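Residue strings, one per chain:
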Amino acid sequence: MSNTVKVKGVTIGEGMPKICVPMVGKTLSDLLEEAAYLNTLDVDVVEWRVDFFEDVLELEKVKEALNQLHTILMRHPLVFTFRSAKEGGEREVSSEFYLSLNREVAKTGLVDIVDVELFSDADVVKTIVEEAHQQGVFVIISNHDFDQTPSKEEIVSRLKKAQELGGDLPKIAVMPRDTKDVLTLLEATNTMKEQYATKPIITMSMAGEGVISRLAGEVFGSALTFGAAKQASAPGQIAVADLRYVLNLLHKGL
């Protein structure tokens, strides 16, 4: 049985996959409106995709925004994510800035989870994991492949590496070229869960063909799924209400 991650009354890795919704506002006013709206939805976890934020390069403005978001979203676990352009994000920054941004945000006490990309500089990953854990902050170690679906063995290998590096929530998202690729992702998820996972894992196949992977996590072993509120942050995300309905439906059948 895999361990669970418990934060603010939400247990990730137990029961139905938890629903995470990303905030993608470009301005502070956009973000505050988005956060207030998310409070009206049936979501478990909120992610701030800070790479969308127009002032992301100004650390004090990031902290100021984070403080206001935390006040609005206080009851929800908050994930802080800078997604690099090479993994589907909005911009690219230096390793030095990436490290500084994540370590400083972890120190604020205003986030519960930070997302660190698996293929970032190895020392950067190690430092962020160590310092986040010192602050009592959990870490997603993630990989996003927008070009293809790697082999089952490669997917499992990347998840294992994320776990070995100290990730509390190893994550991978891949792009399918056909339905066989979706099956590859699901089979890899099940193998990881059954044979290697000591932590809850997060997996998904993107775009339309991969939607089933966002719904069937409880069957195959993915502990968290991403839904959309007003704007999706990745291809294949579906509306929160629809997602909750299907997750409940599948859960009743298990």
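Residues numbered from 1 in each chain as written. Predicted model: local features only at pLDDT ≥ 70, side-chain atom pairs only at ≥ 80, totals over all residues. Heavy atoms only, no water.

## Describing the sheet that holds strand S7 (residues 138–145)
Stated precisely, the cut-off is as follows: Two strands pair if DSSP finds at least two bridges between them. Think of it this way: any DSSP run of H or I at least four residues long counts as a helix, any run of E at least two long counts as a strand, and we number them from the N terminus.
Spatially, nine strands are ordered S9-S8-S7-S6-S5-S4-S3-S10-S11 in an open sheet, and the strand pairing comes out parallel. This sheet does not close on itself; its edge strands, each paired only once, are strand S9 (202–205) and strand S11 (238–239). Two strands pair when backbone bridges link them, and strand S4 (residues 45–49) and strand S5 (residues 78–81) are joined in this way by four bridges, in the parallel orientation. When the sheet's bridge partners are listed, Arg49 is paired in S5 with Thr81.

## Examining the UniProt feature "binding site: 3-dehydroquinate" (unreviewed entry) in the protein
The test is simple: UniProt positions are given in the numbering used here, feature names are shortened, and annotations may be inferred rather than shown by experiment. Working rule for contacts: check all heavy atoms of both residues, and any pair within 4.5 Å makes them a contact.
Feature annotation in UniProt places "binding site: 3-dehydroquinate" (unreviewed entry) on Glu47, Trp48, Arg49, Arg83, Arg214, Ser233 and Gln237, given in this structure's numbering. Tracing the backbone shows Trp48 in strand S4. Setting aside anything within four residues of it in sequence, one finds Trp48 in contact with Met23, Leu31, Phe53, Val62, Ala65, Leu66, Leu69, Leu78, Val79, Phe80 and Thr81. Structurally, the position occupied by Arg83 is in the loop between S5 and helix H3 (95–107). If sequence neighbours within four positions are ignored, Arg83 has contacts with Glu47, Arg49, Asp51, Gly88, Gly89, Glu90, Arg91, Asp115, Glu117, Ser142, His144 and Lys171.

## Overview of the side chain of Thr11
Note the following rule: Only protein chains enter the accessibility calculation, which uses a 1.4 Å probe. A residue is then buried if its area is under 20% of the maximum for its type, exposed if over 50%, and partly exposed in between.
If you trace the backbone, Thr11 turns up in strand S2 (residues 10–12). Given the relative accessible area of 16%, Thr11 is considered buried. Residue contacts for Thr11: discarding those within four places in its chain leaves Thr4, Val5, Lys6 and Lys18.

## Here we look at the nonpolar core
The line we're drawing: Take the buried Ala, Val, Leu, Ile, Met, Phe, Trp, Tyr and Cys residues and link them wherever side-chain atoms come within 4.5 Å; each set so joined is a nonpolar core.
In terms of nonpolar packing, the biggest core is built from 47 residues, with Met23, Trp48, Val50, Phe80, Leu101 and Val114 touching the most fellow members. Not counting the four nearest positions on each side in its chain, Met23 is found in contact with Leu31, Glu34, Ala35, Leu38, Val46, Glu47, Trp48, Arg49, Leu69, Leu73 and Leu78. The next biggest cluster of nonpolar side chains, apart from the first, holds 17 residues, and it includes Val10, Val79, Met175 and Ala223.

## Things to note about the UniProt feature "active site" (unreviewed entry) in the protein
For clarity, the threshold we go by: Two N or O atoms form a polar contact when they lie within 3.5 Å of each other; inside protein one atom must be a possible hydrogen donor and the other a possible acceptor, and for residues adjacent in sequence the pair counts only when both atoms belong to side chains.
Under the feature "active site" (unreviewed entry), the UniProt entry names His144 and Lys171. Taken together, the annotated residues stretch across 28 residues yet fold into one region, lying no more than 8.4 Å apart by C-alpha. Positionally, His144 belongs in strand S7. Each residue touching His144, except ones within four places of it in the same chain, is listed here: Arg83, Glu87, Lys171 and Ala173. Of note is the side chain of His144, whose polar atom sits 3.5 Å from the side chain of Arg83. Mapped onto the fold, Lys171 is located in strand S8 (residues 169–174).

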